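# Understanding the architecture of this molecule
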Amino acid sequence: MTMSPEEKQTREELAACYRLAALHKFTDLIYTHITARVPGEDGHFLINPYGWRWEEITASSLVKIDVDGNKVDGSPQRVNPAGFTIHSAVHMNRHDAAWIMHTHTRAGVAVSCMEEGLLPLNQISLQFHNRIGYHDFEGIALDLEERERIVEDLGDHPVLMLRNHGLIATGRSAAEMFNNIFYLERACEIQIAATSSGQPLRMVNDEIAARVHQQYVQMNEEDGDLELEWQAHLRSIEAIGPDFRA
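Description of the structure in this document. Everything quoted here is computed from the prediction, not taken from an experiment.

## A short note on helix H1 (residues 5-23)
Taking 1.5 Å per residue as the helical rise, H1 with its 19 residues ought to reach 27 Å, and the 27 Å between its terminal C-alpha atoms agrees with that figure. Taken across its 19 residues, H1 has 14 buried, putting it largely inside the fold. Lys 25 lies just past H1 and shows a positive phi near 60°.

The structure is reproduced here in structure tokens:
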């Protein structure tokens, strides 16, 4: 397969994201997607071959599609255009959202069913203080007209909670996107554990929440923690096997 070095790197990092999601049990068998914009190719994206388990995804198996979910690279693999509805909405309207991941995890869906959404219960959830949007459930995301409302509800936030449905995380890079989904999922898991305890909950006030959010910004963007974390993630799947790069 002839491709630019930039596309090769994107394919390898996207395959890594699928393997990491499988490792951390963020999958829903063959459903939901992680997508990435192809560098230097306007309107082209990479997506998983439909029907493959995420543990099976490799760099070369990823399929190149356009904004309507149509294949553009001659791949023999099937894709799920309907599943790209959510992703295309964000990719087309948020230039910074080069990477997008959508999940249906038990904890993520459970919190999406709560009227209050994500609560300021702990320092992990505070990473998303004033940085999460909410989109009301409209049924399975097959209606292309829903894309406008998804984009509006996401706004300039990095993550979106699809009420009664699941989670979306975006990023300028694979590292940023995976950081967002990893800790959003963790925050949801903690919230389910805390609310299930039957004990009174202690919320963090807005002043402290805002301070903690700024601390996260400094650690990730100024201190370089985001890249250190991404390299640690990559080592965890390299230890299992490097075949995702194939």
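## Description of the sheet that holds strand E5 (residues 132-135)
Spatially, the seven strands line up as an open sheet ordered E3-E2-E1-E4-E7-E6-E5, and their pairing is mixed. Only two strands of the sheet have a single partner each, and these edge strands are strand E3 (63-65) and E5. The sheet shows a mean angle of 20° between the axes of neighbouring strands, taken without regard to direction. As paired elements, strand E1 (residues 34-37) and strand E4 (residues 99-103) share three bridges and run antiparallel to each other.

## Some words on the pattern of salt bridges
Applying the stated criterion across every chain yields a total of 15 salt bridges. Note that Glu 12 and Arg 245 form a salt bridge whose closest N and O atoms lie 2.9 Å from each other. Of this pair, Glu 12 sits in helix H1 while Arg 245 sits in the segment after helix H7 (225-238), and the two are 233 residues apart along the sequence. With its nearest N and O atoms 3.7 Å apart, the salt bridge here joins Arg 186 to Glu 189. Separated by three residues within a single helix, Arg 186 and Glu 189 lie in helix H5 (residues 174-195), roughly one turn from each other. Judged by relative accessible area, which is 33%, Arg 186 ranks as partly exposed. For Glu 189, a relative accessible area of 40% gives the class partly exposed. One continuous salt-bridge network, built from bridges that share partners, spans Glu 7, Arg 11, Glu 41, Lys 64 and Asp 73.

## With respect to the nonpolar core
Formed by 53 residues in total, the largest nonpolar core has its most connected members in Ile 34, Met 101, Phe 178 and Trp 230. When residues of this core are assigned to their parent elements, the largest contribution, nine residues, is made by H5. Ignoring any residue separated from it by four or fewer positions in sequence, one finds Met 101 in contact with Ala 21, Phe 26, His 33, Ile 34, Trp 54, His 87, Leu 167, Ile 168, Ala 169, Met 177, Phe 178 and Ile 181. Of all hydrophobic cores here, the second largest spans ten residues; its members include Ala 97, Ile 100, Ile 150 and Ile 168.

## Focus on the environment of Phe 84
Relative to the helices and strands, Phe 84 resides in the loop between E3 and helix H2 (85-93). Considered as a pair, Phe 84 and Thr 32 are 52 residues apart in the sequence and their alpha carbons are 8.8 Å apart. Setting aside residues up to four positions removed in sequence, Phe 84 forms contacts with Thr 35, Phe 45, Ile 47, Ile 65, Asp 66, Val 67, Gly 69 and His 91.

What counts and how
Residues numbered from 1 in each chain as written. Predicted model: local features only at pLDDT ≥ 70, side-chain atom pairs only at ≥ 80, totals over all residues. Heavy atoms only, no water. Helix = DSSP H or I, 4+ residues; strand = E, 2+ residues; numbered from the N terminus. Expected span 1.5 Å × (residues − 1). Buried < 20%, exposed > 50% of the residue type's maximum accessible area, 1.4 Å probe, protein only. Pairing = 2+ DSSP bridges. Axes fitted to C-alpha atoms, helices over the stretch in contact; angles between N-to-C directions. Salt bridge = Lys/Arg side-chain N within 4 Å of Asp/Glu carboxyl O. Core = buried A, V, L, I, M, F, W, Y, C linked by side-chain atoms within 4.5 Å. Contact = heavy atoms within 4.5 Å.

Limitation: the analysis is restricted to geometry and does not speak to function.
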